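Fold and contact review
Each chain, letter by letter, is given below.
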Amino acid sequence: MNKKGQTLALSIMMGIMIFVVGMLIMNFLKPEVTTARSVGSGLNCSYAGNITDGTKLTCLVFDLVIPYWILIIVSAAGGAILGRFL
Amino acid sequence: MRNCFQNKRLGGQGKVFMLGLVLLLALFSMNLVSAFNWTDGTLVSYWKLDEASGKVLDVLNLNNGTNNGATPNLVGKINKTYSFDGNDYINISNSSSLRIAGSMSLVAWANLSNSTTSERTIVGKYSTASGHANYYLSINNGNIPTARVYSSPSALGIECDAVYSLTSDAVSNNSWHQYVLTFNSTSKILTFYVDGVYKNSTTLNYAYLCTNMTASAMPPMGIGSIKISAWDSNFTGEIDEVAIFNKTLSQFQIAQLNNGSSGIPYGTGDIFGIRENSVNYSSQAYHSDTNNYLIINITNTTYSYTSINATLVYNGTVYPTTKETDSKYTKFNTTIDIGTNYGIKYFFWNFTLVNATGTYYSSSLYYPQEILDIDFGICNSTLTSKYINFTFKDEGSLSVLNATIPSSTFYYWINNQIENKTYTFTNNTANYDYSFCFTPNTKNISIDMNVQYASEGYPQRVYDPNTINFTTTTPTNTTLYLLGTADGIYVTFQVVNPANQRVEGALITITREILGATVTIGSGTTGSDGTYTFWLNPDYLHDITVNATGYSSYVASIYPTQSSYTISLGGTSIADTDYTKGISWNIYPSNNYLNNGTTYNFNYTTATAYWEIEEFGFTLENENGIIYATTSAVTNGGIVSVNLNTKSNETIKMKYYYIVNGTYQNFTRSWSVIYLVGEEWSLSKFFEDIQTYSDTEMFGMTPFTLAVLSFLIIFITTGLLSYQFSVTNAGVILFIASVMIIFFDVGLGFLPNVGEKHLLSWLSVIISMALFFREGLK
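This section reports on the structure supplied with the text. All values reported here derive from a predicted model rather than from experimental measurement.

Turning next to the overall build of chain B. Within chain B, the secondary structure is distributed over seven helices and 51 strands. Per-residue burial for chain B yields a buried fraction of 45% across its 778 residues. The long-range share in chain B, meaning contacts at least 24 apart out of those at least 6 apart in sequence, stands at 65%. Carbon together with sulfur atoms contributes 53% to the accessible area of chain B, which is approximately 37000 Å² in total.

In structure tokens, the structure reads:
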């Protein structure tokens, strides 16, 4: 394997590592989002009739935390791989 | 009301209601029409013009005037009057109560000294400095009495139209005449009476008088001259008994006020055949005086009243009276508390008179009473009547000392303690004596004092006796004793009740015998800890007296050789059964909800500032009463805790308790256990939430608003994408639009369902596919 091939392999490994670590971290985020949205101790997101519009907006922001996080780790992993070619 | 009747759309029920209202008003009118009742609140202001000097008083104390050169205290039509010599006038500041646009009456007596060739103002008020009389009475060229107003189409009295002037036949010089202007806002009729007789009337264009209520500045009212640039004609002669009413006086009532040309004060009960014989009261009273006697004697002169009752109206407050009747008089007396009033206060009596023809209302004249302040303090040039004098001696050697008063507070009052005043005094320069004075020196005074006194080499002591009553006769000389630093010790007395609880507010008085006389060494009141500390000489026998509300007095004689003593009060102690007094506690978790399957630390912390906690603790159980944990502690407060997993219970209850004075006190705290099933995050949750929230019209966004917003976003996005990437193919553009339509329709649910569910999405997909096929076939 030439030097370019070695660099590509390293980039792919870095990308995979970023992706795996990011997904592991996501496992910590998910219960926190669940708790934040929950009834009683959280925002009561399921009780649409009993919460304010501001709380509803906060619930939607929390709903999007995980998708945002996935976008971040995919972008970071993809960037790590493709960065070597750009 | 007229408008209501004119309203053709008024339904049958409305007409019946209005008819009922009119009948009701008619019934009231029938009862009151014959009674002249100025105490019904329609008297706006009344200037008797009886003052010898100073302000020109309105009996209602609302619109007092300022005299500008008129000579007061002359014999008038009724009592005293002012004389105006052609350049004098009385100025009454503009006020909202004097700006009258509706029904009103203006009454005055005037005595013109010389025949006049120009207009002479009796009384009036203009709405602007350039003209427009609100109401105005004068005597014009040739001694012609004149009444003048402007009318207005608005209740605000604006947009004033033409002037309306009513005149009478000429009046004679040097004789008193009564002038009355009345206006009825309903009929729009302006009427002029002279000497109680109708003279002239006219109907105004509009139902209101001109006040120019919206103007930024309005001229004052004037007696003798209105003193405005547009109209500045001064009266020559005398004017008396000027009054304004905000109702239309009837001719009968005006004749009553004329009283056969003798006149009558507007308010004397003699109008209804009762006469004030005497009124007894003190012309001066004092702050916090509780014995202010006010008595009126009246005689039933003409009518056969079967019932006469009265109320006293003092400074606007109504008081009941006590009635005493004998063969000649009916006497009403009242005792009132002055409270914190100051200054001149006015009062009168309202009478309710009943005879065979009906019920009538009248009132007495107004009477003034001056309320003076009471003042207590260290004697000086203004406070000269000595009531207390303090001197100081060494308790051991009995030599005279100079002492300081680092702090002292005196609460003082006269009569009963309804209202008291406070005086504080500090002097850090040692003096031989301190004299305190009080004014008025005709009154006894009650003082609750706390005097801290000290001298160099002598620790501070406190003189804090019970309330002492000081009389006007001779000053009370009090010797306060100090004890040298080397001669005494600090002794703390703690006062407790039979339950061994601290007694707050107990008065401890220490006395001992000096040269055959019993003198007070010190006195003080226990604080919240039940203690008070004295500086005492352990070599002498002291008498200790303790008094506290609800307990028997405690008396003992001791040589105070110890640093502390506990005094247990007995007898009629008030049982303290409030076992929560001074007890505080905290419970954790502080949330009201717990998650299922989660371990929490449950703890219970107690503290006490009053009772001694003998034991405390708690048990944890679920909704079925199954006990999971129990803990307790036998200490005077502290913390107990237990870790517990909520498992799948619905409720966790903490039954906590404490024991004080052998009494078990228990309470319950509950937590709801919540389940996180269905709350876990998923991407679909976002779409569920946004659909649910849009159904609740979050931020006021209705389904229509969301649909419009969606359309705009689809339209703009599709346009931007096709422009950015130069897409001109209809199939591709529609494909982009379809994707977005599906996102907003299926994903977010923002698009309305037209016929079938997601029909818009299906249609966009079908059309875009058709276009693709068409492009392919090309």
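Moving on, there is more to tell.
What follows covers the overall build of chain A. Looking only at helices and strands, chain A has three helices and zero strands in total. Its helices and strands in sequence order give chain A the pattern α-α-α, from N to C terminus. A total of 86 residues make up chain A; the buried ones form 26% of that total. Taking the intrachain contacts of chain A between residues at least 6 apart in sequence as the baseline, contacts between residues at least 24 apart amount to 62%.

Let us look at the state of the cysteines. Residue and element names in this part refer to chain B. Evaluation of the coordinates by the stated rule reveals two disulfides over all chains. In this model, cysteine 160 is linked to cysteine 210 through a disulfide, with the two sulfur atoms separated by 1.9 Å. One quick way to see it: the torsion about the S-S bond of cysteine 160 and cysteine 210 is about 75°, and its sign makes the bridge right-handed. Pair noted here: cysteine 160 is in the loop between strand 9 (144-152) and strand 10 (163-167) and cysteine 210 is in the loop between strand 14 (208-209) and strand 15 (221-223), with a separation of 50 residues, a long-range link. Just as cysteine 160 is buried, cysteine 210 falls in that class too. Linked covalently through their sulfurs, cysteine 379 and cysteine 437 form a disulfide whose S-S length is 1.7 Å. On the S-S bond that ties cysteine 379 to cysteine 437, the torsion sits near 95°, and the link is right-handed. Here cysteine 379, found in the loop between strand 27 (375-378) and strand 28 (386-394), pairs with cysteine 437, found in strand 32 (residues 433-439); they are 58 residues apart in sequence, far enough to count as distant.

Further remarks concern the sheet that holds strand 39 (residues 517-525) of chain B. As a general point, the strands of a sheet are linked pairwise by backbone hydrogen bonds and lie either parallel or antiparallel. Residues and elements named next belong to chain B. Reading across the sheet, the four strands line up as 39-38-41-42 and stay open at both edges, with antiparallel pairing between neighbours. Here the strands that pair on one side only, and so sit at the sheet edges, are strand 39 and strand 42 (554-558). The mean angle between the axes of side-by-side strands here comes to 20°, regardless of whether they run parallel or antiparallel.

So, about the sheet that holds strand 37 (residues 489-496) of chain B. All names here are of chain B. Taken together, the three strands give an open sheet; going across it, the order is 40-37-43, and neighbouring strands pair in mixed fashion. Both edges of this open sheet fall to strand 40 (531-536) and strand 43 (564-568), since each of them pairs with a single strand only. Strand-to-strand twist in this sheet, taken as the mean axis angle between neighbours without regard to direction, amounts to 25°. Bridge analysis of strand 37 against strand 40 gives six bridges, and the strand direction is antiparallel.

A few words on a nonpolar patch on the surface. A cluster of nonpolar side chains, B:Phe704, B:Val708, B:Leu709, B:Phe711, B:Leu712, B:Ile713, B:Phe715, B:Ile716 and B:Leu720, forms an exposed patch at the surface whose accessible area comes to about 900 Å². Structurally, the position occupied by B:Leu720 is in helix 5 (residues 703-724).

This paragraph deals with the environment of B:Trp349. Inspection of the secondary structure puts B:Trp349 in strand 24 (residues 343-355). C-alpha of B:Trp349 to C-alpha of B:Ile296: the two residues are 53 residues apart in sequence and 8.2 Å apart in space.

This brings us to the interface of chain B and chain A. Of the residues lining the interface, 20 residues belong to chain B; the matching set on chain A comes to 23 residues. Taken together, chain B and chain A are joined by one salt bridge. For B:Asp689, the salt bridge is made with A:Arg37, and the minimal N-O distance between the two is 2.3 Å. The interface formed by chain B and chain A contains two residue pairs in polar contact (both at pLDDT 80 or more). The element best represented in the side of chain B that touches chain A is helix 4 (residues 683-695) of chain B, accounting for seven residues.

A separate point is the pattern of salt bridges. Summed over all chains, the structure comprises ten salt bridges over all chains. Its salt-bridge partner being A:Lys56, residue A:Asp53 comes within 3.4 Å of it at the nearest N-O pair. Linking A:Asp53 with A:Lys56, this pair stays in helix 2 (residues 53-63), spanning three residues, or about one helical turn. Residue classification places A:Asp53 among the partly exposed residues on the basis of a relative accessible area of 25%. The residue B:Lys199 makes a salt bridge to B:Asp169 at a minimum N-O spacing of 3.5 Å. Taken together, the residues span a long stretch of sequence, with B:Lys199 in strand 13 (residues 197-203) and B:Asp169 in the loop between strand 10 and strand 11 (176-184) at a distance of 30 residues. Each of the salt bridges in this network shares a partner with another, and the network as a whole consists of A:Arg37, A:Asp63 and B:Asp689.

The next point concerns the pairing of strand 48 (residues 627-633) of chain B. The pairing of strand 47 (residues 613-622) of chain B with strand 48 of chain B spans six bridges and is antiparallel. Paired with B:Leu620 across the strands is B:Ala629, a residue of strand 48 of chain B.

Attention shifts here to the nonpolar core. Residues and elements named next belong to chain B. In terms of nonpolar packing, the biggest core is built from 40 residues, with Trp47, Ile122, Leu137, Ile223 and Ile244 touching the most fellow members. Here this core gets five residues from one element, more than from any other, and that element is strand 6 (residues 104-112). Setting aside its immediate chain neighbours within four residues, leucine 137 contacts Leu106, Ala108, Thr121, Ile122, Val123, Thr146, Ala147, Tyr179, Leu181 and Phe192. Core analysis: the next-biggest nonpolar cluster, separate from the first, contains 28 residues, Ala403, Ile405, Met449 and Val451 among them.

Here is what the cut-offs are and how they apply
- Residues numbered from 1 in each chain as written.
- Chains lettered and ligands numbered in written order.
- Predicted model: local features only at pLDDT ≥ 70, side-chain atom pairs only at ≥ 80, totals over all residues.
- Heavy atoms only, no water.
- Helix = DSSP H or I, 4+ residues; strand = E, 2+ residues; numbered from the N terminus.
- Buried < 20%, exposed > 50% of the residue type's maximum accessible area, 1.4 Å probe, protein only.
- Contact = heavy atoms within 4.5 Å.
- Areas by Shrake-Rupley, 256 points an atom, 1.4 Å probe, with all protein chains shown as cover.
- Disulfide = S-S within 2.5 Å.
- Pairing = 2+ DSSP bridges.
- Axes fitted to C-alpha atoms, helices over the stretch in contact; angles between N-to-C directions.
- Patch = residues over 30% accessible without salt bridge, like charges linked within 9 Å, V, L, I, M, F, W, Y side chains within 5 Å.
- Salt bridge = Lys/Arg side-chain N within 4 Å of Asp/Glu carboxyl O.
- Polar contact = N/O pair within 3.5 Å; in protein donor to acceptor, adjacent residues only side chain to side chain.
- Core = buried A, V, L, I, M, F, W, Y, C linked by side-chain atoms within 4.5 Å.

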